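# Chains, contacts and geometry: an overview
Next come the chains, spelled out residue by residue.
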Amino acid sequence: MLDGYDIVVAGGGVAGLTAGLTAARLGRSALVLTGVVPGGLLLTIDRVDGFPGFPEGIAGYELCPSLQEQADAAGAEVVALELTSVAERNGGWQVTTDEGDVDALALIVATGARFRRLGVPGEDRLLGHGISTCASCDGPLLGGATVAVVGGGDSALQEALTLAETAAKVIVLHRGEGLDGQASYRLRVEAQPAIEIRYGTLVEEILGAERVEGVRVRGPATESATELEVAAVFPFVGLQPNSEPVSEHVGVDDRGAVRTNGGLATSADGIFAAGVVRSRAAGRAAAATGEGAAAAIAADEYLGR
Ligand SMILES: Cc1cc2nc3c(=O)[nH]c(=O)nc-3n(C[C@H](O)[C@H](O)[C@H](O)COP(=O)(O)OP(=O)(O)OC[C@H]3O[C@@H](n4cnc5c(N)ncnc54)[C@H](O)[C@@H]3O)c2cc1C
């Protein structure tokens, strides 16, 4: 079973893997708990944009495993276990995983975030049957179909662009009056003839018995709800931070994201946080990666010599 470590990192996304890599390079014994699926939110992204060093973008399924290899090679122990809770112990932290406990002198929380649900009728029943958050996985299976993307931020626009490569039509349903995503995505979406944007539109229900067959929406032009025929729905309406395993011990904001100071320290001694689990995170891979490195350096300084 696992022993004690200087630094335990929870999270196998770009923040966690970079934290593990950096901690190991600093000469600390480091364990990275990646959770069930290492790689995090980027794993299924066809083209990670804006990541330094890759002017043409890089696939998330290439970037994340190579980061894991690099962490391994630096001497971090990377295991597919999940952090379930923590408790103070002997001036450090007892870290409980789904397969037992491990002692850590410092802990870096980089558990990222999961997709928010729409919270409408039909969603529970049809999840995995036409409701998806992975355009690169499910887009190729939807060639020639009309599909809906819900949301108007970076993720919604990026995934709408991926879907537009194969779908006949992509309808972006956005409750706001203007798109929120980065200018580079907005311009590409607006120039893509296969994408139609419906502003001021709320999804009220996802329709279909065994598979998605449509959505019931209410928009500004219609007093009553209307039904759109779509073969799939991709909801990108925000992220929920995965802070539950530590939220009893560290300060969190009203979204449940972990609060840190400028040095990435949380309110609990010896616990640091990095990436999108953090309150006011920038939401970009480059920022999460940098925070992973900075959190490891902060934990190293906290431990001293
Ligand atoms: C659709 C979409 C497209 C995006 N495209 C881009 C892009 O092109 N460019 C860009 O810069 N950014 C992009 N982003 C943002 C980017 O994904 C995030 O900034 C980045 O993934 C954050 O990394 P992270 O390591 O903080 O968290 P995550 O990627 O969420 O990784 C968290 C990790 O923690 C693990 N975990 C969760 N709970 C536990 C637990 N209890 N114990 C152990 N491990 C746990 C998860 O399994 C996962 O491995 C995109 C995001 C989305 C949703």
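Residues numbered from 1 in each chain as written. Predicted model: local features only at pLDDT ≥ 70, side-chain atom pairs only at ≥ 80, totals over all residues. Heavy atoms only, no water.

### Structural notes on the layout of surface pockets
Here is the rule we go by: Definitions used throughout: a 1 Å grid over protein atoms alone; a cavity as a set of points that fits a 1.4 Å probe which cannot get out; a pocket as an open set with protein on both sides within 12 Å along at least five of seven lines; a lining residue as one with an atom within 4 Å of a point. Grid points are joined across faces, edges and corners, and a volume is the space filled by probe spheres set on the points. Residues were grouped as follows: Ala, Val, Leu, Ile, Met, Phe, Trp, Tyr, Cys and Pro as nonpolar; Asp, Glu, Lys and Arg as charged; and all remaining residues, including Gly, as polar.
Put simply, the second largest pocket is a space of about 150 Å³. Counted by class, the lining of the second largest pocket contains 5 nonpolar, 4 polar and 2 charged residues.

### A few points about the pattern of salt bridges
What counts here: A side-chain nitrogen of Lys or Arg and a carboxyl oxygen of Asp or Glu constitute a salt bridge if their distance falls within 4 Å. When a residue's accessible area, from a 1.4 Å probe over protein chains only, is under 20% of the maximum for its type it is buried; when over 50% it is exposed; and in between it is partly exposed.
Using the criterion set out here, one finds 13 salt bridges in the structure. A salt bridge links Glu196 to Arg198; the shortest N-O distance between them is 2.7 Å. Take Glu196: its relative accessible area is 24%, and that puts it in the partly exposed class. Linking Arg216 and Glu205 is a salt bridge whose minimum nitrogen-to-oxygen distance equals 2.9 Å.

### Considerations on the site of the ligand
Stated precisely, the cut-off is as follows: The criterion for a residue being near a molecule or strand is simple. One of its heavy atoms has to lie within 4 Å of it. Distance and chemistry together define a polar contact, namely a pair of N or O atoms within 3.5 Å, with one atom able to donate a hydrogen and the other to accept it when in protein, and with adjacent residues in sequence counting only for side-chain atoms on both sides. Every accessible area reported is derived by Shrake-Rupley at a probe size of 1.4 Å, with residue values counting cover from the shown protein chains alone. Strands here mean DSSP runs of E at least two residues long; helices mean DSSP runs of H or I at least four residues long; both are numbered from the N terminus.
Of all residues adjacent to the ligand, which total 37 residues, the nearest are Leu41, Asp49, Leu83, Gln158 and Ala285. Between the ligand and the protein, one listed contact pairs an oxygen atom with a backbone N or O atom of Gly13 at 3.5 Å. Taking Asp49, its main chain carries an N or O atom lying 2.8 Å from an oxygen atom of the ligand. In the complex, 92% of the free accessible area of the ligand, which totals 1000 Å², lies under the protein chains. Among the secondary structure elements, those contributing two or more residues to the shell around the ligand are helix H1 (14-25), strand S7 (113-115), helix H5 (154-164) and helix H7 (285-303). Here the element with the most residues in the shell around the ligand is H5; it accounts for 3 residues. Taken together, the residues of the shell around the ligand sort by class into 18 nonpolar, 14 polar and 5 charged.

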